[in-house]
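In case you want the letters, here they are:
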Amino acid sequence: MERIESANNRIIKLVTSLKMKKFRIKEGLFVAEGERLVKDGIKNITPEFLIVSESFSEKSFPYKTYEVPDSLFKKISETVTPQGIIGVFKTNIKNEKEIPFGNTLILNRLQDPGNLGTILRTAKACGFQNIILDNECVDVYNPKTVRSSMSACFSLDIFSSEDIIKTAIRLKQKGFTLAGTVLDKDAKNLYSTEYKSPVAFIIGNEGSGISEALKELCDIKIIIPMEEGIESLNASVAASVVMYEFLRREKYEN
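To keep things clear, this report deals only with the structure shown in the data block. (Residues numbered from 1 in each chain as written. Predicted model: local features only at pLDDT ≥ 70, side-chain atom pairs only at ≥ 80, totals over all residues. Heavy atoms only, no water.)

### Remarks on the packing of aromatic side chains
On inspection of all chains with the given rule, the structure shows 11 aromatic pairs. With a centroid separation of 5.0 Å and 70° between ring planes, the pair formed by Phe89 and Phe154 is classed as edge-to-face. Residue Phe89 is found in strand E5 (residues 85-90), and its partner Phe154 is found in helix H7 (residues 152-155); the two are separated by 65 residues along the sequence. Grouping residues by exposure puts Phe89 and Phe154 together as buried. Judged by centre distance (5.5 Å) and plane angle (65°), the rings of Phe128 and Phe246 are edge-to-face. Taken together, the residues span a long stretch of sequence, with Phe128 in the loop between helix H5 (113-126) and strand E8 (130-134) and Phe246 in helix H10 (residues 235-252) at a distance of 118 residues. Accessibility classification places Phe128 together with Phe246 in one group, the buried group. One aromatic cluster is present, built from ring pairs that chain together Phe30, Phe89, Tyr141 and Phe154. (Phe/Tyr/Trp six-rings, centres within 6.5 Å; stacked < 30°, edge-to-face > 60°. Helix = DSSP H or I, 4+ residues; strand = E, 2+ residues; numbered from the N terminus. Buried < 20%, exposed > 50% of the residue type's maximum accessible area, 1.4 Å probe, protein only.)

### Considering the sheet that holds strand E9 (residues 157-161)
One open sheet accounts for eight strands, arranged E6-E9-E8-E7-E12-E10-E13-E11; its pairing is parallel. One side of each edge strand has no neighbouring strand; the edge strands of this open sheet are strand E6 (94-95) and strand E11 (188-189). Inspection of the sheet shows strand E7 (residues 104-107) paired to strand E12 (residues 199-203) by four bridges, in the parallel sense. Bridge assignment links Thr104 to a residue of E12, and that residue is Ala200. Packed onto the sheet, H10 meets E7, strand E10 (177-181), E12 and strand E13 (220-223) and runs at close to 160° relative to E12. (Pairing = 2+ DSSP bridges. Contact = heavy atoms within 4.5 Å. Axes fitted to C-alpha atoms, helices over the stretch in contact; angles between N-to-C directions.)

### Brief notes about the pattern of salt bridges
Evaluated as defined, the whole model comprises 18 salt bridges. In this structure, the salt-bridge partner of Arg24 is Asp139, at a minimum N-O distance of 2.7 Å. With Arg24 in helix H2 (residues 21-27) and Asp139 in the loop between E8 and helix H6 (143-148), this residue pair connects regions lying 115 residues apart in the sequence. Judged on exposure class, the residue Arg24 and its partner Asp139 are both buried. The closest approach of N and O atoms between Arg249 and Glu245, which form a salt bridge, is 2.9 Å. Taken together, the positions of Arg249 and Glu245, both in helix H10 and four residues apart, correspond to about one turn of that helix. The same class applies to Arg249 and to Glu245, which are both buried. Members of the salt-bridge network, linked through shared partners, are Asp184, Asp186, Glu212, Lys215 and Lys221. (Salt bridge = Lys/Arg side-chain N within 4 Å of Asp/Glu carboxyl O.)

### Re the state of the cysteines
Throughout this description, disulfide means a covalent bond between two cysteine sulfur atoms. One pass over the structure, following the stated rule, counts zero disulfides. We note that Cys153 lacks a disulfide partner, and the nearest cysteine sulfur, in Cys137, lies 15 Å from it. Of the residues examined, Cys153 reaches a relative accessible area of 4% and is grouped as buried. Not engaged in a disulfide, the cysteine Cys218 finds its nearest cysteine sulfur in Cys137; these two sulfurs lie 15 Å apart. (Disulfide = S-S within 2.5 Å.)

Fair warning: the whole summary comes from geometry, so function is off the table for now.
Here it is in structure tokens:
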């Protein structure tokens, strides 16, 4: 295990730079912090290296590991109460032209990293393996997204689309049913709508929903019924409701 004492060390500078999206893209790396998150990540992706604090109890890992003083670890940590371990992993965004059949989510212009992380976590729980992000979505490797995904970002198949309209058209041509969550009056009730599999559910921006161009491509527009006085649901809550209803029908209805 190599010891690092200085904040000017190249490894420390690298880890610090990965807090910013442009450097995550440039280096093709991202950071996961916390014992459970790092260990869950290791089950899916071999880390480039680990950093542990001097007081961290476990010191023996079969990967390149650096030890730093507690004071230095606190400086590079993203959390209020650091757990003493950071893992640096390669990003793993897949080619969106190779999306396989299967339960799929299309995320359109999501901006909140916590919402995205929660959606990833719920997608994993509900068996939605394919996650497609358009180029206006928050970075899937944002530290807050990684933490709130509770390791789901390591094991899901995540695709990035530079042109979400072309991607949606390609999915329709492959036989996917596009189902958009909207607040339109002509939308169908989530609980009484039939779907033809495979389905790609579209979840839109926290404030403005899915784009008009995507709406026009939807085979089905669905709405989650709500009591009067509530205009809309949080994006991650709406996604969770949709996915769990789909899971209930697929596995537990009969």
